[in-house]
Amino acid sequence: MLILLGITIVVLELAGIGSLIGWDTFARTETMNIPVQDFSLGPFQFSVDAPAQIFWQFFSGGENFIPIWSYYSFLAIAAFCFITLATVISHLRGFWYFVGASLLIAALVSLNLELLFLFNTESKEGLILALILYVPATYIFNRIKSNVPFIKRWVFFLSVTIIFALIIYQFSEVKNPFLYLATSSFYMMMILSVIFTLMVAHEILIAIIRLLTANAEGNSSSALRHFLIFCFVYLAILLMAWLKESNLVTWELIYINLFVLLLVSAFLGIWGFAQREVQYSYLMSFEPVGAYFYVSMMLAALTTLTHLMFTGNDPGKEVFRDFVVNGHLAFGIIFLLYVMANFIGPLGNNLPVFKILFKPTSMPYFTFRLVGIITFLGFILPAGKSVSVFQTRSAYYNGLGDMYLYDNQPLFALRYYQDGASYGFNNHKSNYSLGKFYANEGAHARAIPYFQRAISKWPTPQSYIDLANAYIETSRLFDAVFILKEGVDKFPDNYEILNNLGLTFNEVNIIDSAYIFMDRAHELRDEQTASASNITGLLIKNDIRVNADSVIERYVDRTDPISRNNAFVLKNMQHEAWNTEGSSYDSALSFVQSSVVFNETLNYLYRQDSFPSSELHRHTLYPFNSRYRDILEFSEALNLKKDHQVNNAFRLINAMGNRSEEKDYFEIGGKWALEENAPFVAVQYFSWSVDRNNPNARFNLAVAFSENHQIQNAVPLWQELANDKEDQGSVVASTMLEIYQSSRDAVIAENDSRKYLFLRYNTDLQDTTNYVKIASTINDTDLKARAYLYASQYLLEKDRTASAIAMFAHISGLQISDTALYEEIVWHDLELLAASKNIRGLADRINDGIEFDQHHLLEKQYYTALIKAASGDSSALPIFEWVAQSNPFKEDAVVTAASYISASDRFLAYDLLVNAIEINPNSVRLLKAYILQCAETQLDSYASLSLEELREIIPKSEFDEFYAEYLNRVAEVKEREENFIE
């Protein structure tokens, strides 16, 4: 037992207080808007951002560590020591028995038994009962039954103690009576400990004499010489330790460990105490009483020290340190004088002095003890060193604080920790506990001074980190940096400090230092994921372009959710696929898991394969996940659009916009509509976005008005934006106003960019002659081609296919240097061929080497269906059905597909057109096709309503021409019905 305690003390001393406190890991999030889609529209650049969560992992010191088992173990061993010492007292001879009995009574009084509220009272009944149980028994054994052997007496006192414990258990009114007893027994155990420390203070010198003179043969002075050398070296080592403990020197030397010194002295004392039996034989014999006495005193001291270490109660440890260094130094000096006074001659003659060491001739052993105590007091009392008394009280109050904190009485705990801080100057235990209390309450400013005191004498990594965290919470970021750097100097290999220092450097935008310390932490403990995931977050936040695969290979733990999340964000930021094994979570998601699912879903935007929606639906439809529904469905909507399911994507984003109060999904719908060249739809979405007070909505709406040629609505809005000088769009707004204020004649003298903007936003394409006249004056061939391309696309959208083809012909012969523009021209050429039903020309152009990428999958399917249909291949039907349902903004594809399907199922064709118009309601081509399909299905009332809508958006001549076509279709259908033709 004693050896185990000794090993425990050494291990805990080497590990330090911080090893017992532990760590709490926290994660905070930072929202990064990752651009997942971007496009240009005329002079404007748009992007659709996804709000990805980055997780930063940081550490905080663990809560006040209360090893309750240590308190109960401490109480059990204290009870053992009390029983043994009571048995020893019953053996004391003569007057010394009464001294011992008095000390026994004092020990019982020190337990404060009235705090147990025995028998529902706080009076002295408990103390009286204890006195009755123990004191008379010691007298009986000492005076009446003196022949009862030691073991039987010990068993009797053990039985009495068990009975007393049962009474306490049964009749105490407090919640944890034995925890109260454990804290109350501290004073008794501490007094026994310091007495034992002084008892063994000279044991090392005794061992030196035994070692030097055990084989002495006389006729040599080597024993004396060696003894003096050993003594001076030993005392010099103790003096250096004393100077350091007294804060008189701060030399960076290796000092003797005082607790190891105590352990060595304690174990050597077993033989030393037996050897000096002659000095206490008037009290007791060594066997068995003296042996049990020594063992119980040693057990009390080592148990108390071990308990103080396990509870991190550093004021009590300081008392031990003071008594060890001062006691060993004082008694060492006086013991040297004792040996010189009594045995210098025998030592000089190399005689076996150890045999007569406690049979002095000149200086009595009692005198040595008395002078040693006086010297010890001379060391410990001057210069305020009576602080040991206060440190003992501080340790006691810390124990009370632990007890009340465990008992869930935090206000009482707070009071006793404050008392502990008052009596134990700058001790770690009290101040760290108080700092944690206020930090947990959110009073970080009040926590700071306590954490500052906690690191002043016995710093721990936890106290450095919690002080830095308190600085951060009070916006003192650079103070946090400085204190963590101090912590790194003190604990250079502490993973948690290195990680938090890296995070703090990130907060103050010192990115290189942030990476250095995070990477140092990762190198120390690469199995820990916190620093590694933080490095990934650092790269994301600062948009540092690196090889993402290399980062993932080095830092990412694929099994850790936070690491996976940040890795997906990094890949998404770089628009790269991460083809890793998919996450598999239960239906109910945590916040971290929902973020992983969201970012993993986003990553499908950059993969070749389509997004598997079934797993996501399992999460979004689960009631517990309602708080994550919008963000998960947003990732689904993005993937639907990427997979050409544009109709479903718009329906989902529209539902989210109507439902969500946190994010304006209407803005995203408006941007998507602009990307699909549907400015009228964009106007609707951005108008709703304005109602949501989106700060970007007015600018977006102005663009949509301009793109939709609603000049009367666009100009006032651009004027409003131009007048708002704080708005980032004010410069653009001023430019747009200048474009609208220009005339055809004046713009001829402007630069090419102004001409292009004028053509796009301030020219009526009903008359293409003036448009071509101005476009022909543009010198930049790329810009000229872009002007013709825009006009051709606009005319085709308005169902003026012939005019669109004529406008497109102007591009022929122009030298195009912009690769993206050239590809756009190629795809529009195919679109015109399909719209004019030039199937042979379409097939020939495709065979010339057109390659369809993932982005043009719908076009590939549509053109394939056209070619198949032209050759009478019936397999075109399912392809047309897919095309008609996919993208309502690919109007020619939807109309052609519906026309083909109508031949076999006119009602399915009608449903497909309704489905498209619901998303793209202002499309001229869709409206015409829908009206004609109403005629096919004889839904005249619906046709009438749509005809009125069409009348508002196309010229009268064009409407009259179409209306005649509609009437002809109605007549044909009526005739078929009359003749039973379907």
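With an unreviewed UniProt entry as reference, the protein is termed Tetratricopeptide repeat protein, source organism Fulvivirga sedimenti.

> Would you mind showing me how to read the overall build of the protein here?
What the protein contains, in helices and strands, is 49 helices and two strands. Taken against the 2.2 N^0.38 rule, which gives 30 Å for 982 residues, the C-alpha radius of gyration of the protein at 46 Å runs more than 25% over that of a compact globule. Principal-axis analysis of the C-alpha atoms places the extent of the protein at approximately 140 × 60 × 55 Å. Each of the 982 residues in the protein was classed as buried or not, and the buried ones make up 54%. Considering only intrachain contacts with a sequence separation of at least 6, the fraction spanning at least 24 residues in the protein is 67%. Accessible surface for the protein amounts to roughly 43,600 Å². Of this, 56% is attributable to carbon and sulfur atoms. Taking the 72 positively charged and 104 negatively charged side chains of the protein as two groups, their mean positions are separated by 12 Å.

> What is the right way to read the nonpolar core from this model?
Inside soluble globular proteins, nonpolar side chains tend to come together where they are buried. Phe-196, Phe-335, Val-339 and Leu-357 are the most contacted members of the largest nonpolar core, which has 187 residues in total. Ranked by the residues each element gives to this core, the list is headed by helix 14 (residues 314–348), at 15 residues. Apart from the residues lying within four places of it in its own chain, the contact partners of Leu-357 are Ile-206, Ile-209, Gln-275, Phe-335, Tyr-338, Val-339 and Phe-343. Leu-632, Phe-758, Leu-759 and Tyr-794 belong to the second-largest nonpolar core, a separate cluster that totals 90 residues.

> Sorry, what's going on with the pattern of salt bridges here?
Should their charged atoms come close, side chains of opposite charge can pair. Across all of its chains, the model carries 42 salt bridges by this definition. For Glu-114, the salt bridge identified is with Lys-124, shortest N-O distance 3.5 Å. One end of the pair, Glu-114, is in the loop between helix 4 (95–110) and helix 5 (125–144); the other, Lys-124, is in the loop between helix 4 and helix 5, and ten residues separate them in sequence. In this structure Lys-124 comes out as partly exposed when scored by relative accessible area, which is 44%.

> Got a minute to help me understand the pairing of strand 2 (residues 44–61) in this structure?
The side chains of a regular strand alternate between the sheet's two faces. The buried count for strand 2 comes to 14 of 18 residues, which makes it a mostly enclosed element. Strand direction decides the pairing type here: strand 1 (residues 23–41) and strand 2, joined by 18 bridges, are antiparallel. Considered in strand 2, the bridge of Leu-41 is made with Phe-44. From the end of strand 1 to the start of strand 2, which pair antiparallel, there are two residues, and Gly-42 there has a positive phi angle of about 60 degrees.

> Looking at this structure, how should I read unusual backbone geometry?
Glycine aside, residues mostly have negative phi angles, and peptide bonds mostly take the trans form. Residue Pro-288 follows Glu-287 across a cis peptide bond; omega there is -5 degrees. With respect to the element layout, Pro-288 can be found in helix 13 (residues 286–310). Positive phi is not limited to glycine here, since Asn-426 has a value of about 55 degrees. Assignment of secondary structure puts Asn-426 in the loop between helix 17 (410–423) and helix 18 (428–440). The exposure class of Asn-426 is buried, given its relative accessible area of 15%. Here His-575, not a glycine, exhibits a phi torsion of approximately 55 degrees, which is positive.

> How should I be thinking about the packing of helix 39 (residues 781–797) against helix 40 (residues 801–808) in this particular structure?
The axes of two packed helices give the description: the angle between them and the distance between them. Two elements in contact, helix 39 and helix 40, have axes separated by 8 Å at closest approach and are oriented at 170 degrees. Our classification of the angle between helix 39 and helix 40 gives roughly antiparallel. On the side of helix 39, the interface is formed by Tyr-788, Leu-789, Ala-791, Ser-792, Leu-795 and Leu-796, while helix 40 contributes Thr-801, Ser-803, Ala-804, Met-807 and Phe-808.

> It is not clear to me how the packing of aromatic side chains should be interpreted in this structure. Could you clarify?
Each aromatic ring pair is summarised here by two numbers: the centre-to-centre distance and the angle between the ring planes. Tallied over the full model, the rule gives 63 aromatic pairs. Judged by centre distance (5.6 Å) and plane angle (85 degrees), the rings of Phe-699 and Trp-718 are edge-to-face. You can see Phe-699 sitting in helix 33 (residues 697–707) and its partner Trp-718 sitting in helix 34 (residues 711–723), a full 19 residues away along the chain. For the residue pair Phe-699 and Trp-718, the accessibility class agrees, reading buried in each case. Members of the aromatic cluster, joined through ring pairs, are Tyr-180, Phe-186, Tyr-187, Phe-390, Tyr-396, Tyr-397, Tyr-404, Phe-412, Tyr-416 and Tyr-423. In this structure, Arg-321 is placed above the aromatic ring of Phe-259, and the distance from its NZ or CZ to the ring centre is 5.6 Å. In this structure, Arg-607 is placed above the aromatic ring of Tyr-604, and the distance from its NZ or CZ to the ring centre is 4.1 Å.

> Whenever I open this one, a nonpolar patch on the surface confuses me. Can you help?
A grouping of Val-10, Leu-14, Val-260 and Val-264 is seen on the molecular surface, where their side chains present a nonpolar patch of about 320 Å² in accessible area. Secondary structure elements with two or more residues in the nonpolar patch: helix 1 (2–15) and helix 11 (258–275). Note that Val-264 resides in helix 11. Overall, the relative accessible area of 38% leaves Val-264 in the partly exposed class.

> Whenever I open this one, helix 1 confuses me. Can you help?
A turn of α-helix holds 3.6 residues, and therefore any two residues three or four places apart point the same way. Between the first and last C-alpha of helix 1 there are 20 Å, a value that for 14 residues agrees with the 20 Å anticipated at 1.5 Å per step. The set of residues buried in helix 1 consists of Leu-2, Leu-5, Gly-6, Thr-8, Ile-9 and Leu-12. Along the long axis of helix 1, the arc covered by the buried residues comes to 160 degrees, so they all point the same way. In this structure, helix 1 carries Ile-3, Leu-4 and Leu-14 as exposed residues pointing more than 90 degrees from its buried face. Gly-16 sits one or two positions beyond helix 1 and adopts a positive phi of about 85 degrees.

> Where do I start with the UniProt feature "repeat: TPR" (unreviewed entry) in the protein in this structure?
Annotation from UniProt places "repeat: TPR" (unreviewed entry) at residues 428–461. Annotation note: span residues 428–461, helix share 74%, strand share 0%, distance between end C-alpha atoms 12 Å.

> What is the right way to read the environment of Asp-512 from this model?
As for its position among the elements, Asp-512 is in helix 23 (residues 511–524). We classify Asp-512 as exposed; its relative accessible area is 55%. Remark: the alpha-carbon pair of Asp-512 and Ile-3, spanning 509 residues in sequence, is separated by 50 Å.

> Please clarify how the environment of Met-284 should be interpreted in this entry.
With respect to the helices and strands, Met-284 occurs in the loop between helix 12 (277–280) and helix 13. Aside from chain neighbours lying at most four places away, what touches Met-284 is Val-88, Arg-93, Val-289, Gly-290 and Phe-293.

> I would appreciate a short explanation of the environment of Asn-313 in the present structure.
In this fold, Asn-313 is placed in the loop between helix 13 and helix 14. The spacing of Asn-313 and Asn-838 is 525 residues in sequence and 91 Å in space, taken between C-alpha atoms. When neighbours within four sequence positions are excluded, Asn-313 is seen to be in contact with Leu-308, Ala-395, Asn-398, Gly-399 and Lys-429. Within the structure, Asn-313 has its side chain in polar contact with the side chain of Asn-398 (distance 3.0 Å).

> Help me out: how do you make sense of helix 10 (residues 222–245) in this one?
With 24 residues, helix 10 ought to run about 34 Å at 1.5 Å a step, and its terminal C-alpha atoms sit 34 Å apart, in line with that. Within the sequence span of helix 10, burial applies to Ser-222, Ala-223, Leu-224, Phe-227, Cys-231, Tyr-234, Leu-235, Leu-238, Ala-241, Trp-242 and Leu-243. As for helix 10, its buried residues are in contact with helix 9 (203–213), helix 11, helix 14 and helix 15 (365–380). Positioned one or two residues after helix 10, Asn-247 has a phi angle of 60 degrees, which is positive.

> It is not clear to me how the side chain of Asp-322 should be interpreted in this structure. Could you clarify?
Inspection of the secondary structure assignment puts Asp-322 in helix 14. For Asp-322, a relative accessible area of 15% corresponds to the buried category. What Asp-322 contacts, discounting residues up to four positions off in sequence, is Gly-327, Ile-380 and Ser-388.

> Would you explain the packing of helix 4 against helix 5 in this entry?
With their axes 10 Å apart at the nearest point, helix 4 and helix 5 run at an angle of 160 degrees to one another. Between helix 4 and helix 5, the crossing angle belongs to the class labelled roughly antiparallel. Helix-helix and strand crossings are classified by hand; for helix 4 and helix 5 the assignment is right-handed. In this structure, helix 4 contributes Tyr-97, Phe-98, Leu-104, Ile-105, Leu-108 and Val-109 to the contact, and helix 5 contributes Leu-127, Ala-130, Leu-131, Tyr-134, Val-135, Thr-138, Tyr-139, Asn-142 and Arg-143.

Criteria and thresholds
Residues numbered from 1 in each chain as written. Predicted model: local features only at pLDDT ≥ 70, side-chain atom pairs only at ≥ 80, totals over all residues. Heavy atoms only, no water. Helix = DSSP H or I, 4+ residues; strand = E, 2+ residues; numbered from the N terminus. Rg over C-alpha atoms; globule rule 2.2 N^0.38 Å. Buried < 20%, exposed > 50% of the residue type's maximum accessible area, 1.4 Å probe, protein only. Contact = heavy atoms within 4.5 Å. Areas by Shrake-Rupley, 256 points an atom, 1.4 Å probe, with all protein chains shown as cover. Lys, Arg positive; Asp, Glu negative; His and termini not counted. Charge placed at Lys NZ, Arg CZ, Asp CG, Glu CD. Core = buried A, V, L, I, M, F, W, Y, C linked by side-chain atoms within 4.5 Å. Salt bridge = Lys/Arg side-chain N within 4 Å of Asp/Glu carboxyl O. Pairing = 2+ DSSP bridges. Axes fitted to C-alpha atoms, helices over the stretch in contact; angles between N-to-C directions. Parallel < 35°, antiparallel > 145°, perpendicular 65-115°, else oblique. Phe/Tyr/Trp six-rings, centres within 6.5 Å; stacked < 30°, edge-to-face > 60°. Lys NZ or Arg CZ within 6 Å of the ring centre and 35° of its normal. Patch = residues over 30% accessible without salt bridge, like charges linked within 9 Å, V, L, I, M, F, W, Y side chains within 5 Å. Expected span 1.5 Å × (residues − 1). Arc of directions from axis to C-beta. UniProt positions renumbered as here; feature names shortened; annotations may be inferred. Polar contact = N/O pair within 3.5 Å; in protein donor to acceptor, adjacent residues only side chain to side chain. Left-handed = near helix turned anticlockwise from the far one by under 90°.

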